[in-house]
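So you can see what is in the structure, the chains are spelled out below.
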Amino acid sequence: MIRVNDLAANLRAWRDRLTPAEPGRRRAPGLRRDEIAARADVSVGYLTRLEQGHATHPSPLVCAALARALELSAEETDTLYLLAGHAPPCGKRFSNEITPPVRRLLDRFADLPVLVYDLAWELVAVNELGAALTGRRSGNIARSHFLGAHHHLVRTREQQDAMSAAIVADLHAAVIRHPGDERLHAIVDELRAASPRFEALWRQSPVAVHTSAAKTFDHPVAGRMSLDCDVLQVHGSELRVVVYSAAPGTPDAERLALLADAHHDYVAT
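A brief structural summary.

**A few points about the sheet that holds strand β2 (residues 123-126)**
Sheets are built from strands paired through backbone hydrogen bonds, the pairs being either parallel or antiparallel.
Move 1: Here we have six strands laid out as an open sheet, ordered β2-β1-β6-β5-β4-β3, and antiparallel in their pairing. Every interior strand has two partners, whereas the edge strands, β2 and β3 (153-154), have only one.
Move 2: Of the strand pairs in this sheet, strand β1 (residues 114-117) and strand β6 (residues 240-245) are connected by four bridges, and their pairing is antiparallel. By the bridge assignment for β6, Val-114 is matched with Val-243.
Move 3: Packed onto the sheet, helix α6 (residues 100-108) meets β1, β2 and β6 and runs at close to 155° relative to β1.

Have a look at this one:
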């Protein structure tokens, strides 16, 4: 069994699982050390010390070379860097492609409002009830928060400040992880130039991830309702799924059901 905190054991296991181009008759599974060393452009002696635990802190450049040589996945590459004592490498760009599981979530949660946004806070997908609740099908949530309309949302000053801080912190963390992404820099540069509040918060260099909170809506059809807003991170993706719900049997749940019925009737006509 591999010990998750053991760099040497992981390197050996990753090497053993590789299939030689010309298997032939070999005494051990996987590729030989000299084959991996040649792929990674490191000495066989150094790779031997790594696999025997006598060297434990390969440089980031060596980690990158080993990750390529061992054909590691993104998650395994992150593990390699962490075991070597380094922060995982930052991606240059992020993907906002809607994955099949997220698409199924949007389709199946017909009775709950669902929105999907990316690292730049761009709304990339929304189900019908989500559009009916928020009054939006597209746009950038961060831009709307600092520069535009709030689409039926009702917030106290404290809630407004908390949301502002969460957006800035989330964008700050995203830029750190994806320093080369033009979309992230574009929205950050725009907001820093147009919003003194955003600029002031940005200069504080906050780092956090937006998670969950209660949101109050004053809807023109369903009236005022307070909903739980849960933010779910999609595994293997940079997308966030926002799901609004209310406890069963509460007035808020009744108003949400009223909105769903009104929307269905409108669509049917």
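More follows now that the structure is in view.
**A look at helix α4 (residues 60-69)**
Given 3.6 residues per helical turn, the α-helix brings residues three or four places apart onto the same face.
Move 1: Buried within α4 we find Val-62, Cys-63, Ala-65, Leu-66, Ala-67 and Ala-69.
Move 2: Elements that come into contact with the buried residues of α4 comprise α1 (7-16), α2 (33-40), α3 (44-51) and α5 (74-83).
Move 3: The first or second residue beyond α4 is Glu-71, which carries a positive phi of 60°.

**Quick word on α3**
Move 1: All buried positions along α3 are accounted for by Tyr-46, Leu-47, Thr-48, Leu-50 and Glu-51.
Move 2: Packed against the buried residues of α3 are α1, α2 and α4.
Move 3: One or two steps after α3, the chain reaches Gly-53, where phi turns positive at roughly 80°.

**Here we look at the packing of α1 against α5**
Move 1: For the pair α1 and α5, interaxial distance at closest approach is 10 Å and the crossing angle is 150°. The angle between α1 and α5 falls in the class roughly antiparallel. The element α1 and its partner α5 pack so that their crossing is left-handed. Together, Leu-7, Asn-10, Leu-11 and Trp-14 of α1 and Glu-76, Thr-79, Leu-80 and Leu-83 of α5 make up the contact between the two elements.

Calculation rules
Residues numbered from 1 in each chain as written. Predicted model: local features only at pLDDT ≥ 70, side-chain atom pairs only at ≥ 80, totals over all residues. Heavy atoms only, no water. Pairing = 2+ DSSP bridges. Helix = DSSP H or I, 4+ residues; strand = E, 2+ residues; numbered from the N terminus. Contact = heavy atoms within 4.5 Å. Axes fitted to C-alpha atoms, helices over the stretch in contact; angles between N-to-C directions. Buried < 20%, exposed > 50% of the residue type's maximum accessible area, 1.4 Å probe, protein only. Parallel < 35°, antiparallel > 145°, perpendicular 65-115°, else oblique. Left-handed = near helix turned anticlockwise from the far one by under 90°.

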